[in-house]
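Each chain is listed here by its residues.
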Amino acid sequence: LMLMVLVALPVNAADVTASVNSVTAVRGDTVTFEVTLGNSITVISCGVSLSYDDTALRLESGEWTLEQNPLITNFDMNTELGAIAYMSETAISGTVFKATFKVLDDAAFETTSVEINLIPRDKNNADLSVDLTGGSLTVECRTHDFSAKDTSAKYQKSAATCKSPAVYYYSC
C-alpha cells in the first residue's frame, strides 16, 4: 500500500523579480530609471529607497507609477525614501516607481550602478522578498562633429587682411 501526501505550498515571495532599466547618456542629460516587477505581488504597503552614484547623478524627482490607487503615496526628495499603503491587500505589477536624474557636468565617463530598492510588506507587516536586478548609467562623451562655424574672437585663427578674410576654427 502506497500513501501519497500532497502539500499545497504558497508561491514563494522570493519568486518575485524586479529590474531597473539601464541608460546611456552624456553629461547634462536628464535620464529616467524605472523599477518594473517581473510578476505580480500582493502587498499591504511598499517602501522604496534609492542607491546611486551622487558624483554622476543628481535626483530631480521620484514618483510611484501604480495603476492601483494607494491610500497613501509618498516620496521624500530629502531622504530619498518613499512608501505606499493600501486599505487592504492589493496586487501590484508592472512599472511601480520611476526616478528622474540629471547627469552631472563633471560625471566620469564610465558605467555606474543605479538601484531602486523595493521593500514590499504583506498584511502582517512582514517584509516580502524581491529579487532585484539593478540598472546602470553609462556616461559617454558627446559626439563631436566640429561643424559649427563660430565667428567669436575665441575661435578666430587669424584676422582679416586686405587680401584675405578672417579664418576661424570650427566648434563642436
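Provided above is the structure to which this section pertains.
Just so we're clear, the structure is a prediction, and the values are computed from it rather than from any experiment.

Draft legend 1. View of the pattern of salt bridges. Counting across every chain of the model gives three salt bridges. Here Glu60 and Arg58 are joined by a salt bridge, their closest N and O atoms 2.9 Å apart. Owing to a relative accessible area of 38%, Glu60 belongs among the partly exposed residues under this scheme. Asp127 is the salt-bridge partner of Arg121, the closest N and O atoms lying 2.6 Å from each other.

Draft legend 2. Molecular detail of unusual backbone geometry. Residue Glu80 is not a glycine yet carries a positive backbone phi of 60°. At Asn125, a position not held by glycine, the phi torsion is positive, near 65°. Locating Asn125 in the fold gives a position in the loop between β7 (111–121) and β8 (131–133). For Asn125, a relative accessible area of 51% puts it in the exposed group.

So, how was this worked out
- Residues numbered from 1 in each chain as written.
- Predicted model: local features only at pLDDT ≥ 70, side-chain atom pairs only at ≥ 80, totals over all residues.
- Heavy atoms only, no water.
- Salt bridge = Lys/Arg side-chain N within 4 Å of Asp/Glu carboxyl O.
- Buried < 20%, exposed > 50% of the residue type's maximum accessible area, 1.4 Å probe, protein only.
- Helix = DSSP H or I, 4+ residues; strand = E, 2+ residues; numbered from the N terminus.

Keep in mind that these numbers describe shape and distance, not what the molecule does.
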